[in-house]
Amino acid sequence: MIANISVGPLKLQYMGESKVEATPIGFGESLQATQHLAFITGPDQIALETAYLIFENGDRDVRVIETGDTPNPYLRLGHGGRLGIYSLGNDYYCEARAMKLGDENWSNLQNSTYAEIESWLGSNVNDFLSSVGASELLTRERLFGDEGRRRNVLAASFPGDNFMAPLAIFALTRPLPLLKGARK
Amino acid sequence: MTESRKLNLPNAINEGQIKLLIFDAFILLGEELGNHYESKITPILGKNWVYELARGRGDLEYNTTDPQWVLVEPLRNPTSPTRLTLPKGPGFYNRVSTLAKARNAYFHNNNNGSIEAALRVLELLLEVSLAIPLDFAGNAYADGIRRLNSLKQGEVFHGGESNLKRVVLLEQQVAELEELANLNKELIHKRQVVLEEALDDVALQQEKVRELEEKVGNKDQAIAQARKEQEAAEKLALGLKAEYDAKVAELAEKEAIERQYKELLRTLVESKTVESINSTNTKSNKSDSHDVAPGDNWPSEKGSRRLTLSVNFRELYDTKSGELLKEKFGDAASALANEWLEIKPQGGRIFVDEKGNATAYRGEDLIYLGKVSFWA
């Protein structure tokens, strides 16, 4: 398993795993979880303590657990922008919606295009995803035949025991677009 | 207003001390002018006037003692009730406008911190205070002007203890704001989840109405029922959105204050403000750790180098650069992190002085953690 990767100008360092009690997205009470920890650092004094949480009930998400002295607009990631991870047969997938800035520099998750993500990363997105063991970036329709309202949202899949892929996709779609000044 | 709110006057020409003076001068203006508005407007419009004003403007977060608000509210809104309590004429509002710009520059660290720039701001603050009038603030600004002029003439002042206390207080305020933000995170997240579910429900109801319209046209009773359900879902979602927005706005305001305080703290560190205060203090500066055990109160000043003790990683990293100390110093840095977490299990900010003495706040106390051997 890769321990350190570059996500454009950001550095993502794997920091090991531990047990923790936390609340899954959309769940009222806290549960036991295994957290895979990563440290995302980079320009602008970005220093985000990040975790890929795998809960005892099977729920999974990636979130920032400590923002430290990281300045705005990244502080928003301390209480928003969690990346939901969902099962897909034997694998898992997540969407590639991105944090974009709006009025007053307040950011939230918005749909993003392949070209946008590539421009933030500064290199081929699918090569990057492949390097961390994830699939190509595809629409939900192409990835798993979704016919609903979100069928055009981009997503990528990865094996359940690959914890670097979701952490890398989190860095790619949360702090990186904010660093690059992505706007709604 | 009490004597304790007097401005902390600089005892040397130092960028950090001067910025701290101006920062506090604006905070004093916010408090004094906000109280002035309250005392003049409440008897006429009632105690809910601020709330009504905020609601009318669609802005849920009005804070009458915010230095920015007290300036821009009358400046940008000719019909604002605050104008009734202020002098008339373009001369006064020109000064207010200049002050609002100066406040932005100081609070967002876009100012060179020179003594001349600070004097201009204090003179403007004095003029505005005398015109309103705000007597306490006026006297404080006059004291500030006198002190800056004396420093310019080379006078030396001792006794900067109040300035040191102010720096410590500022750090504590930042820590408290961080804690408050953390408490709000979970609450906001829960509201976001409920809101997103409600918005999904609205979308489903809309879809239901659309399908029914396609199947049976516009006259069927089922359509009326579906529309009713759609309206109820929309109403619920709107209410939840208002609650969510209010909470997010509250947090955003706290984060804005936190950011401003952190910017000021950075200036204080970069301009070696604490060192500058100490250099003119007569007080002896003990910084020998021989008689102090880890966990004891630290009898001296804290160091200017900042580290973060991460509970999650059980590691130390440079607060400014994010560089993990274990990358540079190996296992010794990880061992130190684990030792210090025994003393301060909640982690957080660590201060290291030039001799390698590491300290941290536990509550209001500055405690000694140990020596950073690889730096000393």
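Everything below is about the structure printed above this text.
What counts and how
- Residues numbered from 1 in each chain as written.
- Chains lettered and ligands numbered in written order.
- Predicted model: local features only at pLDDT ≥ 70, side-chain atom pairs only at ≥ 80, totals over all residues.
- Helix = DSSP H or I, 4+ residues; strand = E, 2+ residues; numbered from the N terminus.
- Buried ≥ 20, exposed ≤ 12 C-beta atoms within 10 Å, placed from the backbone.
- Contact = placed C-beta atoms within 7 Å.
- Nonpolar A, V, L, I, M, F, W, Y, C, P; charged D, E, K, R; others polar.
- Expected span 1.5 Å × (residues − 1).
- Axes fitted to C-alpha atoms, helices over the stretch in contact; angles between N-to-C directions.
- Parallel < 35°, antiparallel > 145°, perpendicular 65-115°, else oblique.
- Left-handed = near helix turned anticlockwise from the far one by under 90°.
- Core = buried A, V, L, I, M, F, W, Y, C linked by C-beta atoms within 7 Å.
- Pairing = 2+ DSSP bridges.

Caption draft 1: Just the overall build of chain A, in detail. Helix and strand counts for chain A come out as 5 helices and 11 strands. Expressed as a percentage of the 184 residues in chain A, the buried residues total 49%. A separation of at least 24 residues holds for 54% of the contacts in chain A among residues at least 6 apart in sequence.

Caption draft 2: Quick look at the interface of chain B and chain A. Counting from both sides, the interface comprises 22 residues of chain B and, opposite them, 22 residues of chain A. Breaking the side of chain B that touches chain A down by element, the ones donating at least two residues are helix H7 (161-216), helix H8 (221-270) and strand S1 (305-310) of chain B. Considering each element in turn, the side of chain B that touches chain A owes the most residues, 8 residues, to H7 of chain B. Of the residues assigned to the side of chain B that touches chain A, the class counts are 9 nonpolar, 7 polar and 6 charged.

Caption draft 3: Structural view of helix H5 (residues 115-131) of chain B. The end-to-end C-alpha distance of H5 of chain B is 24 Å, a good match for the 24 Å that 17 residues give at a rise of 1.5 Å each. When H5 of chain B is considered as a whole, its buried residues turn out to be Ala 118, Val 121, Leu 122, Leu 125, Leu 126, Val 128 and Ser 129 of chain B.

Caption draft 4: Molecular detail of the packing of H5 of chain B against helix H6 (residues 135-152) of chain B. Residue and element names in this part refer to chain B. Taken N-terminus to C-terminus, the directions of H5 and H6 make an angle of 155°; their axes are 9 Å apart at the nearest point. Compared by their axis directions, H5 and H6 come out roughly antiparallel. The two elements H5 and H6 meet at a crossing, and its hand is left-handed. Contacts between H5 and H6 involve Ile 115, Ala 118, Leu 119, Leu 122, Glu 123, Leu 125, Leu 126, Ser 129 and Leu 130 on the former and, on the latter, Ala 137, Gly 138, Tyr 141, Ala 142, Gly 144, Ile 145, Leu 148, Leu 151 and Lys 152. Partitioning the contact of H5 with H6 into residue classes produces 13 nonpolar, 3 polar and 2 charged.

Caption draft 5: Up close: the nonpolar core. Of all hydrophobic cores here, the largest spans 76 residues; its most connected members are Ala 156, Leu 167, Ala 168, Ile 169 and Ala 171 of chain A. Excluding residues within four positions of it along the chain, Ala 168 of chain A makes contact with Ile 5, Val 7, Leu 12 and Val 132 of chain A.

Caption draft 6: Highlighting the sheet that holds strand S1 (residues 4-7) of chain A. Residue and element names in this part refer to chain A. Here 9 strands make up an open sheet; going across it, the order is S1-S2-S3-S4-S5-S6-S7-S11-S10 and the pairing antiparallel. Of all the strands in the sheet, just S1 and strand S10 (138-139) have a single pairing partner and so form its edges. In the sheet, strand S5 (residues 60-66) pairs with strand S6 (residues 83-88) via 3 bridges, with the strands oriented antiparallel. What sits directly across from Arg 60, in S6, is Ile 85.

Caption draft 7: Spatial organisation of the sheet that holds strand S3 (residues 348-352) of chain B. All names here are of chain B. One open sheet accounts for 5 strands, arranged S2-S1-S3-S4-S5; its pairing is antiparallel. Of all the strands in the sheet, just strand S2 (315-318) and strand S5 (365-371) have a single pairing partner and so form its edges. Direction aside, the axes of adjacent strands within the sheet are offset by 35° on average. By the bridge criterion, 4 bridges tie S1 to S2 in an arrangement that is antiparallel. Bridge pairing in S2 links Leu 307 to Asp 318. Contacting S1, S2 and S5, helix H11 (residues 331-343) crosses the sheet at an angle of about 105° to S2.

Caption draft 8: Up close: the pairing of S6 of chain A. Residues and elements named next belong to chain A. In terms of strand pairing, S6 meets strand S7 (residues 91-95) through 3 bridges, oriented antiparallel. Paired with Leu 88 across the bridge in S7 is Asp 91. Hairpin connection between S6 and S7: a loop of 2 residues separates the two successive antiparallel strands, and Gly 89 in this loop has a positive phi of roughly 65°.

Caption draft 9: View of the pairing of strand S3 (residues 31-42) of chain A. Residues and elements named next belong to chain A. Extensive coverage of S3 is indicated by the burial of 9 of its 12 residues. Pairing analysis gives 11 bridges linking strand S2 (residues 10-22) to S3, with the strands arranged antiparallel. If you follow Lys 11 over to S3, its bridge partner there is Thr 41. Looking at chain direction, S3 and strand S4 (residues 46-55) are connected through 10 bridges and run antiparallel. Across the sheet, residue Leu 37 finds its bridge partner in S4, namely Ala 51. Counted along the chain from S3 to the antiparallel partner S4, the turn is 3 residues long, and its residue Asp 44 has a positive phi close to 70°.

Caption draft 10: Region of the structure containing unusual backbone geometry. A cis amide bond, omega 5°, links Asn 72 of chain A with the succeeding residue Pro 73 of chain A. Relative to the helices and strands, Pro 73 of chain A is located in the loop between S5 and S6. The amide bond that connects Ile 132 of chain B to the next residue, Pro 133 of chain B, takes the cis arrangement and shows omega of 0°. On the secondary structure map, Pro 133 of chain B appears in the loop between H5 and H6. Unusually for a residue other than glycine, Gln 45 of chain A sits at a positive phi of about 60°. Relative to the helices and strands, Gln 45 of chain A is located in the loop between S3 and S4. According to the C-beta neighbour criterion, Gln 45 of chain A is partly exposed, with 16 such atoms within 10 Å. Even without a glycine there, the phi angle at Arg 314 of chain B is positive, about 55°. If you trace the backbone, Arg 314 of chain B turns up in the loop between S1 and S2.

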